[in-house]
Amino acid sequence: MQIILVTGGGGYIGSHAVKRLLKENYSVVVFDNFSRGFREPLEILNKYGELNIVEGDLLKEEDIKKVFKKYKIDAVMHFAALCLVDESTKKPELYFKNNVIGTLNLVEAMNEAGVKKIILSSTCAVYGDAEYLPIDERHITKPTNPYGESKLMAEKIIHWFNITYKFNYAILRYFNVCGADSDGEIGDSKKPSELLMQNAVRGALGIEDFKLTCPKVDTLDGTPIRDYVDVEDIIDAHMKALYYLKDNNSLICNLGNGHGISVKEIIRSVQKELDVNFQIHFSNTRMGEYVEVYANNSVAKDLLKWTPNKTLKDSIKSLVVWYSHYPKGYKF
């Protein structure tokens, strides 16, 4: 049985990866400091298979080195990172410490242990403002916020470990992740969340006021346009990437649906699906945002044989189920 190390396995996307890996009969070791992630989803998922949890910090080299000494890891899925764009503009030092130094410590420990396969949770924020659409992987990388810059630096660390130490990697650049587990067991529990669809569903369910934080921009309806991709489709790509790495290949690819939807369109979709015309409150504009971005996902389709299957309606419905079970997030 292969053993997969999942850093940040207590987080939104990481916990979905843990569930899928366990259900496909992998043994999973989760490494998380639980500063932003949660223990509760791992308690829920423990029933699916062999799950070991190590509490530790990637900023402490010995913490992560101990994992590789104790477990014979076959590959790593690296989700552990800070990921709030607005926060990164206010506290860039947090993002360069956690996302860059944390990644460096991880790959150094991997190299020391002879583990050479890694899947990196990256982001479309590495591109910055779109010079053309849809964005493909050849697009210039010019981040407009420290979050995107820190992820690009993490990518470069892995790239150079590939050149020097023959690492094999899959760098997966997510666009806007949405949705929740189809079974309603796990989901996004971040408080506060910066994810639009999650917050819109919470507003529609009356859990908390919906606050619009996007800037007014030069699009048809005056709101930013993004590419929304369901979390279960994201994890499907990770599983395909894990298989791809078995042949000692490496790749960088976008994970998105391939079309843009505006903020107002998402809000209207949630209102229509739930048949609720919830009130929209206006709050402080988030910093570091860009006007329009959506993916050319042909590389993922060609090399990983990946196609997103979830519709916008599927994602909204899964969030309704999740927040109906856990209106305040985890803590059961």
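Presented here is an overview of the structure given in this document. (Residues numbered from 1 in each chain as written. Predicted model: local features only at pLDDT ≥ 70, side-chain atom pairs only at ≥ 80, totals over all residues. Heavy atoms only, no water.)

1. Considering the pairing of strand β3 (residues 51-55)
So, step 1. Pairing analysis gives five bridges linking strand β2 (residues 27-32) to β3, with the strands arranged parallel. Paired with Val28 across the two strands is Leu51, which belongs to β3.
So, step 2. Between β2 and its parallel partner β3, the chain crosses via helix α2 (residues 40-45), and the hand of that crossover is right-handed. (Pairing = 2+ DSSP bridges. Helix = DSSP H or I, 4+ residues; strand = E, 2+ residues; numbered from the N terminus. Right-handed = clockwise from strand over helix to strand, strands pointing away.)

2. Notes on empty space enclosed by the protein
So, step 1. Applying the stated rule across the entire model yields one cavity of 30 Å³ or more.
So, step 2. Approximately 30 Å³ is the volume found for the largest cavity.
So, step 3. Along the walls of the largest cavity sit Asn176, Val177, Cys178, Leu195, Leu196, Met197, Gln198 and Tyr228, which together make up its complete lining.
So, step 4. Mapped onto the lining of the largest cavity, the elements with two or more residues apiece are β7 (176-178) and α7 (196-204).
So, step 5. Of the residues belonging to the lining of the largest cavity, the class tally is six nonpolar, two polar and no charged. (1 Å grid on protein atoms, 1.4 Å probe; cavity = no way out; pocket = protein on both sides within 12 Å on 5 of 7 lines; lining within 4 Å. Points joined across faces, edges and corners; volume = space filled by probe spheres on them. Nonpolar A, V, L, I, M, F, W, Y, C, P; charged D, E, K, R; others polar.)

3. Here we look at the environment of Leu205
So, step 1. Relative to the assigned elements, Leu205 resides in the loop between α7 and β8 (210-212).
So, step 2. Taking the C-alpha atoms as reference points, Leu205 and Thr144, 61 residues apart in sequence, are found 34 Å from one another.
So, step 3. When near neighbours in sequence (up to four residues on either side) are disregarded, Leu205 contacts Leu274, Val320, Tyr323 and Ser324. (Contact = heavy atoms within 4.5 Å.)

4. Things to note about the pairing of strand β6 (residues 168-174)
So, step 1. Judged by how many residues are buried, β6 sits mostly within the fold: seven of seven residues are covered.
So, step 2. Burial along β6 is two-sided: the face carrying Asn168, Ala170, Leu172 and Tyr174 and the face carrying Tyr169, Ile171 and Arg173 are both buried.
So, step 3. Where strand β5 (residues 117-123) and β6 come together, seven bridges link them in parallel fashion. By the bridge assignment for β6, Ile119 is matched with Ala170.
So, step 4. Regarding topology, helix α6 (residues 146-165) serves as the crossover connection from β5 to the parallel β6, and that connection is right-handed.
So, step 5. Strand direction decides the pairing type here: β6 and strand β11 (residues 251-255), joined by five bridges, are parallel. By the bridge assignment, Leu172 is partnered in β11 with Cys253. (Buried < 20%, exposed > 50% of the residue type's maximum accessible area, 1.4 Å probe, protein only.)

5. Some thoughts on the layout of surface pockets
So, step 1. The volume enclosed by the second largest pocket comes to roughly 190 Å³.
So, step 2. His16, Lys19, Arg20, Lys23, Asp181, Ser182, Asp183, Glu232 and Ile235 are the residues that line the second largest pocket.
So, step 3. Only α1 (12-23) and α8 (231-245) provide two or more residues apiece to the lining of the second largest pocket.
So, step 4. The element contributing the most residues to the lining of the second largest pocket is α1, with four residues.
So, step 5. Residues of the lining of the second largest pocket, tallied by class, amount to one nonpolar, two polar and six charged.

6. Points about the nonpolar core
As a rule of thumb, nonpolar side chains are buried together in soluble globular proteins.
So, step 1. Formed by 67 residues in total, the largest nonpolar core has its most connected members in Ile13, Val18, Leu21, Met77, Leu172, Leu255 and Val270.
So, step 2. Beyond its immediate sequence surroundings of up to four residues, Leu255 is in contact with Leu172, Arg173, Tyr174, Phe175, Val229, Ile234, Ala237, Ala300 and Trp306.
So, step 3. If you look at the next biggest cluster of nonpolar residues, it comprises 27 residues, including Val54, Ile73, Leu120 and Phe167. (Core = buried A, V, L, I, M, F, W, Y, C linked by side-chain atoms within 4.5 Å.)

7. As for the environment of Ala237
So, step 1. Here Ala237 is to be found in helix α8.
So, step 2. Overall, the relative accessible area of 0% leaves Ala237 in the buried class.
So, step 3. For Ala237 and Ile44, which are 193 residues apart along the polypeptide, the C-alpha to C-alpha distance reads 23 Å.
So, step 4. Setting aside residues up to four positions removed in sequence, Ala237 forms contacts with Leu172, Leu255, Leu304 and Trp306.

8. Considerations on α7
So, step 1. α7 sits mainly inside the fold: nine of its nine residues count as buried.
So, step 2. Considered for burial, the residues of α7 that qualify are Leu196, Met197, Gln198, Asn199, Ala200, Val201, Arg202, Gly203 and Ala204.
So, step 3. Where α7 is buried, its residues meet α1, β7, β8, β10 (228-230), α9 (263-274) and α11 (312-325).
So, step 4. A positive phi of about 75° marks Gly206, the residue just after α7.

9. Some remarks on unusual backbone geometry
So, step 1. A cis amide bond, omega -10°, links Leu133 with the succeeding residue Pro134.
So, step 2. Relative to the assigned elements, Pro134 resides in the loop between β5 and α6.
So, step 3. Non-glycine residue Lys166 carries a positive phi angle of around 65°.
So, step 4. Structurally, the position occupied by Lys166 is in the loop between α6 and β6.
So, step 5. Lys166 gets classed as exposed once you look at its relative accessible area, which sits at 59%.

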